[in-house]
Amino acid sequence: MNIYEKLVDIQGRLKAPKNQYNSFGKYKYRNCEDILEAVKPLLVEHKLVLTISDEIQSVDFNDTLHFVDATVKITDGKDEVAVSAQAGIDPNRKGMDVAQCFGSSSSYARKYALNGLFLIDDTKDADSTNKHDSKSNAVADDMDWLPDSGSKFDNAKKALKSGKTMQDIRKHYKVSKKVEQLLNT
């Protein structure tokens, strides 16, 4: 089997479940480590080596806007397949020091490079937003109501102004008609 046939086999068999949970947004997700743990046995089986590297780059000439360019490479010792992904770095991110900001962006870029290499789709399928069964409705019932003032309300209003929709807001909160009207004013 050549490297491409091995990669196709891994892409078809890899199962990287969303084992992490975001309690604020009330959704499951997978991180870089979840993907790596799931793919390691398949790499061993096919005698392939996976490497990941990061390069910090600047977007502008003033060298003030940085991003991480993560590259994932898979090789059998002769041939190589590589995929890259990028993530911006905000060194002023609230609650993080500079190292944590760079590390967070690195993890994000690496995850999406791995997604590209192994054909992992992080988008929700159409059925995941279908609210016809009682289990889906139970998740909605656990959501908090969006208040009509305060930081959560202000953040929702900013999100709408930046292009998000009311449907996006409803993924995180239950929204009353009154609050919806206030958000739209």
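Residues numbered from 1 in each chain as written. Predicted model: local features only at pLDDT ≥ 70, side-chain atom pairs only at ≥ 80, totals over all residues. Heavy atoms only, no water.

K.L.:
What is the right way to look at the sheet that holds strand E3 (residues 49-58) in this model?
P.N.:
Each strand in a sheet pairs with another by means of backbone hydrogen bonds, the pair being arranged parallel or else antiparallel. Taking strand neighbours across the sheet as the criterion, the three strands line up as E3-E4-E5 in an open arrangement whose pairing is antiparallel. The open sheet has two edge strands, E3 and strand E5 (80-89), and neither has a second partner. This sheet shows a mean twist of 20° between the axes of neighbouring strands, independent of strand direction. Two elements, E3 and strand E4 (residues 66-75), share ten bridges in a ladder whose sense is antiparallel. Bridged to Asp 54 within E4 is Ala 70. (Pairing = 2+ DSSP bridges. Helix = DSSP H or I, 4+ residues; strand = E, 2+ residues; numbered from the N terminus. Axes fitted to C-alpha atoms, helices over the stretch in contact; angles between N-to-C directions.)

K.L.:
Please explain unusual backbone geometry as it appears in this structure.
P.N.:
Trans peptide bonds make up the majority, and among non-glycine residues the majority have a negative phi. Unusually for a residue other than glycine, Lys 26 sits at a positive phi of about 60°. Along the polypeptide, Lys 26 turns up in the loop between strand E1 (20-22) and strand E2 (27-29). The class for Lys 26 is partly exposed, based on a relative accessible area of 25%. If you check the backbone angles, Leu 119 has positive phi at about 55° while not being a glycine. With respect to the helices, strands and loops of the structure, Leu 119 is situated in the loop between helix H3 (98-118) and helix H4 (134-141). (Buried < 20%, exposed > 50% of the residue type's maximum accessible area, 1.4 Å probe, protein only.)

K.L.:
Can you help me understand helix H2 (residues 32-46) in this one?
P.N.:
Helical geometry note: an α-helix holds 3.6 residues per turn, so side chains three or four residues apart project in the same direction. Over its 15 residues, H2 extends 21 Å from the first C-alpha to the last, a length consistent with the 21 Å expected when each residue adds 1.5 Å. Most pronounced at Val 39, the bend in H2 amounts to some 35°, and the proline Pro 41 follows within four residues. Among the residues of H2, those classed as buried are Cys 32, Asp 34, Ile 35, Ala 38, Val 39, Leu 42, Leu 43 and His 46. Of the surrounding secondary structure, the elements contacted by the buried residues of H2 are helix H1 (3-13), E1, E2, E3, E4 and H3. Backbone nitrogen of Glu 33 and a side-chain oxygen of the N-cap are separated by 3.2 Å at the start of H2; the cap is Asn 31. Remark: Lys 47 follows H2 within two positions and exhibits a positive phi of approximately 55°. (Expected span 1.5 Å × (residues − 1). Bend = angle between axes of the 7 residues up to and from the residue. Contact = heavy atoms within 4.5 Å. Polar contact = N/O pair within 3.5 Å; in protein donor to acceptor, adjacent residues only side chain to side chain.)

K.L.:
Please clarify how the packing of aromatic side chains should be interpreted in this entry.
P.N.:
In this description, an aromatic ring pair is defined by two values, namely the gap between the centres and the angle between the planes. The full count for this structure, using the stated rule, is three aromatic pairs. Here Phe 24 and Tyr 173 contribute two aromatic rings whose centre-to-centre distance is 6.4 Å and whose plane-to-plane angle is 85°, an arrangement assigned as edge-to-face. In this pair, Phe 24 sits in the loop between E1 and E2 while Tyr 173 sits in the loop between helix H6 (166-170) and helix H7 (177-183), placing the two residues 149 residues apart along the sequence. Under the relative-accessibility criterion, Tyr 173 is labelled buried at 11%. (Phe/Tyr/Trp six-rings, centres within 6.5 Å; stacked < 30°, edge-to-face > 60°.)

K.L.:
Teacher, can you tell me more about the nonpolar core here?
P.N.:
In terms of nonpolar packing, the biggest core is built from 22 residues, with Ile 10, Leu 50, Ile 74, Leu 117 and Phe 118 touching the most fellow members. Only H1, H2, E4, E5 and H3 provide two or more residues apiece to this core. For this core, the leading source of residues is H2, giving six residues. Setting aside residues up to four positions removed in sequence, Ile 10 forms contacts with Val 39, Leu 42, Leu 43, His 46, Leu 48, Ile 74 and Phe 118. One finds Phe 153, Leu 160, Met 166 and Val 179 within the second-largest nonpolar core, a separate group that totals eleven residues. (Core = buried A, V, L, I, M, F, W, Y, C linked by side-chain atoms within 4.5 Å.)

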